[in-house]
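# Examination of the molecular architecture
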There are 2 protein chains.
Amino acid sequence: MKKPDTRTSRHPVSAQPRAASRASAAKQTKVVSAKLPLIKLNRTERAAERRQAIIDAAMEEFIARGFAATRLDDIAKRAGVAKGTIYLHFKDKESMFEELIRTAIVPLVGRMQGPPPASGTVRELIEGFALNFIREVATTRRGDIVRLIVAEGPRFPSIADFYYREVVSKGLAGMRALIELGIARGEITNKNLARFPQIMVAPAMIAVIWQSLFEKHAPLDAIEMFRTHLDLIFGERRTT
Amino acid sequence: MKKPDTRTSRHPVSAQPRAASRASAAKQTKVVSAKLPLIKLNRTERAAERRQAIIDAAMEEFIARGFAATRLDDIAKRAGVAKGTIYLHFKDKESMFEELIRTAIVPLVGRMQGPPPASGTVRELIEGFALNFIREVATTRRGDIVRLIVAEGPRFPSIADFYYREVVSKGLAGMRALIELGIARGEITNKNLARFPQIMVAPAMIAVIWQSLFEKHAPLDAIEMFRTHLDLIFGERRTT
DNA sequence: TGATTATGACTGACTAGTCAGTCATAGTTC
DNA sequence: GAACTATGACTGACTAGTCAGTCATAATCA
């Protein structure tokens, strides 16, 4: 009957003495750090704050355990709210997960579309863009979100769809435009590359996956790898 | 409580244990050959056969739902055995999963080490090797195993370790050797490439992930993409 | 027949989701 | 601005299940 317990609950937040919960509910109860009672907030602001706390906690848990193995009790505990509170903000576990991912994806899109076609060579554009991506995504928690999408995507078609529509297709379209510009300017010689913008992105994606799976086995210098890859495309000559 | 989710049954394969439970393994029930003693088998042979049936069924279910959401009852049903039988072959769910992945990885290794340094250019070697990989892995069920490892790896360090040790490090080492050979022969000009054999593999990995997530949105000609990538490395000149 | 293998009903630990009740705060009155 | 009422955000014990793992019994083999 013993449980394999794939998930080792190691919550530093020590369980609150059950009995006291009601008694001192006035102000002492929620020890959780999320609350800073210093600043006065009205109801709406507090609600928004708690919603955010739930989102943060849920993100953390889902990334660590995946959808199915994540317990709402843990999310609630981590967010410093009661479980019922979660249901004031989200319909159920599944739609919470979907909304979470959707919310998390938006910043990615911003980052992808952001850079205006400034001056400089196409290589410089792509390099700046990609280095930014590696720094902002591959190395951070956002990278885990990408992995989470890869992991749960097949079981959440709506998420895969959304991700494809909002990130992948837009990102690839932008990349293709850049490649065509590079071809037009003579920076890129291989005309087929425009058919497979994925190639340009591939090393960055590999870096994301590598970080979360093999970083401890063998650290990977993602930026240097990406530059090397650019050398293959634009010809060797780097001014690092 | 558990409302039967009256509204919106959009997910064909929902992550929700309840909702999707029935749909999955229920249909496939008794197709398995275990109950057809056409050929006389002794105990050992029958046991081995059942074990294999369990492995196949488990693979199927784990790929479709991930570790946590997979039910042993479904595996048993799909394999055409009783649940208890599973425990004659595996200690528990977790070790079954690990052993499964390990078993599934072995063929990958075989495929990776197989090719003896035969004749031909380095490009031909790599191309043959990669096309084989794309045909045998990216396009098939084995590709899903790779995705499964990416998905569950962080929660099963032993699997990630094993995969790194048996597949990744060996594969990259072999690839590095090939790259160095290419450099020595003058086929490859960029010397840095040997530092990042991941680059050579990246398009194939991207293809694997693309297949399982976005195939229905936009089919990807993995082989043509890989050839284009090789053009970047070896210089353009393709005879296909 | 005795040993081995398979079965599936059963157990109990675990969890998504609910809801009656609480209470801090916003609103109203005088 | 003090007293009072209304609101609804929040709580957590509780319900209705779910499912990994067990084991007494049955089937099969040698």
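Residues numbered from 1 in each chain as written. Chains lettered and ligands numbered in written order. Predicted model: local features only at pLDDT ≥ 70, side-chain atom pairs only at ≥ 80, totals over all residues. Heavy atoms only, no water.

What chain A contains, in helices and strands, is 10 helices and 0 strands. Listed N to C, the secondary structure of chain A is α-α-α-α-α-α-α-α-α-α in terms of helices and strands. Across the 240 residues of chain A, 47% fall into the buried class. Here the contacts in chain A between residues at least 6 apart in sequence split such that 65% fall between residues at least 24 apart. Looking at chain A as shown, the accessible area adds up to about 12300 Å², and 56% of this sits on carbon and sulfur atoms. (Helix = DSSP H or I, 4+ residues; strand = E, 2+ residues; numbered from the N terminus. Buried < 20%, exposed > 50% of the residue type's maximum accessible area, 1.4 Å probe, protein only. Contact = heavy atoms within 4.5 Å. Areas by Shrake-Rupley, 256 points an atom, 1.4 Å probe, with all protein chains shown as cover.)

According to the stated counting rule, one finds 18 aromatic pairs over all chains in the structure shown. An angle of 45 degrees between the planes, with centres 5.5 Å apart, marks the rings of phenylalanine 214 of chain A and tyrosine 164 of chain B as tilted. Taken as a pair, phenylalanine 214 of chain A in helix α9 (residues 197-214) and tyrosine 164 of chain B in helix α8 (residues 157-185) lie in two separate chains rather than in one. The class for phenylalanine 214 of chain A is buried, based on a relative accessible area of 5%. Given a relative accessible area of 16%, tyrosine 164 of chain B falls into the buried group. (Phe/Tyr/Trp six-rings, centres within 6.5 Å; stacked < 30°, edge-to-face > 60°.)

We now examine the environment of alanine 130 of chain A. Residue and element names in this part refer to chain A. Topologically, alanine 130 is positioned in helix α6 (residues 122-138). Since its relative accessible area comes to 4%, alanine 130 is described here as buried. A sequence separation of 96 residues divides alanine 130 from phenylalanine 226, and the C-alpha atoms of the two residues are 7.9 Å apart.

Its rotation angle being 180 degrees, the transformation that places chain A on chain B also includes 0.0 Å of axial translation and leaves an RMSD of 0.2 Å. As the rotation angle and translation indicate, the two copies are arranged about a two-fold axis. Residues of chain A ranked by C-alpha distance from the rotation axis are headed by alanine 151 of chain A, positioned 2.1 Å from it. By residue overlap, the copies meet face to face through one surface: 92% of the interface positions of chain A are interface positions in chain B. (Least-squares fit on C-alpha atoms with pLDDT ≥ 70 in both.)

The next subject is the environment of isoleucine 199 of chain A. Within the element layout of this structure, isoleucine 199 of chain A appears in helix α9. Other than its neighbours up to four places away in sequence, isoleucine 199 of chain A contacts Leu193 and His229 of chain A together with Met225, Thr228, His229 and Leu232 of chain B.

Attention now moves to α6 of chain A. Residues and elements named next belong to chain A. Taking 1.5 Å as the rise per residue, α6 with 17 residues should run 24 Å; its terminal C-alpha atoms sit 22 Å apart, in good agreement. Of all 17 residues making up α6, 12 are buried, and the element is well covered by its neighbours. Residues of α6 that are buried: Val122, Arg123, Leu125, Ile126, Glu127, Phe129, Ala130, Leu131, Phe133, Ile134, Val137 and Ala138. (Expected span 1.5 Å × (residues − 1).)

Turning to helix α3 (residues 72-79) of chain B, a few remarks are in order. All names here are of chain B. The buried fraction of α3 amounts to 6 of the 8 residues, a majority that puts the element mostly inside the structure. The complete set of buried residues in α3 reads Leu72, Asp74, Ile75, Ala76, Arg78 and Ala79. Phi for glycine 80, located one or two positions after α3, is positive at around 75 degrees.

Turning next to the nonpolar core. Counting 148 residues, the largest nonpolar core has Met96 of chain A together with Met96 of chain B as the members making the most contacts within it. When residues no more than four places from it in sequence are discounted, the contact partners of methionine 96 of chain A are Ile54, Ala58, Phe62, Leu72, Ile75, Ile86 and Phe90 of chain A. (Core = buried A, V, L, I, M, F, W, Y, C linked by side-chain atoms within 4.5 Å.)

A word on the side chain of threonine 70 of chain B. All names here are of chain B. Assignment of secondary structure puts threonine 70 in the loop between α2 (43-69) and α3. A relative accessible area of 2% means that threonine 70 is categorised as buried. Apart from the residues lying within four places of it in its own chain, the contact partners of threonine 70 are Glu61, Phe62, Arg65, Ile75 and Lys93.

A word on the packing of α9 of chain A against helix α10 (residues 222-234) of chain A. Residue and element names in this part refer to chain A. At a minimum axis distance of 10 Å, the contact between α9 and α10 shows a crossing angle of 165 degrees. Viewed along their axes, α9 and α10 adopt a mutual orientation that is roughly antiparallel. The handedness of the crossing between α9 and α10 comes out as right-handed. Note on element contacts: α10 touches α9 through Ala222, Met225, Phe226, His229, Leu230, Ile233 and Phe234, opposite Ile199, Met200, Pro203, Ala204, Ile206, Ala207 and Gln211. The residue makeup of the contact of α9 with α10, split by class, is 12 nonpolar, 2 polar and no charged. (Axes fitted to C-alpha atoms, helices over the stretch in contact; angles between N-to-C directions. Parallel < 35°, antiparallel > 145°, perpendicular 65-115°, else oblique. Left-handed = near helix turned anticlockwise from the far one by under 90°. Nonpolar A, V, L, I, M, F, W, Y, C, P; charged D, E, K, R; others polar.)

On to the confidence of the model for chain A. Residues and elements named next belong to chain A. Counting all residues, the mean pLDDT for chain A is 81, and 78% of those residues have values of 70 or more. Mean pLDDT across the elements of chain A ranges from a minimum in helix α1 (residues 20-23), with 28, to a maximum in α10, with 96. Contacts for the low-pLDDT stretch residues 1-38, under 50 throughout, to residues beyond four places or in other chains number 28 contacts. (pLDDT = per-residue confidence, 0-100.)

Below, the discussion takes up the side chain of arginine 147 of chain A. Counting through the fold element by element, arginine 147 of chain A comes out in helix α7 (residues 141-152). Under the relative-accessibility criterion, arginine 147 of chain A is labelled buried at 3%. Polar side-chain contacts of arginine 147 of chain A include one of 3.5 Å to the backbone oxygen of valine 150 of chain B. (Polar contact = N/O pair within 3.5 Å; in protein donor to acceptor, adjacent residues only side chain to side chain.)

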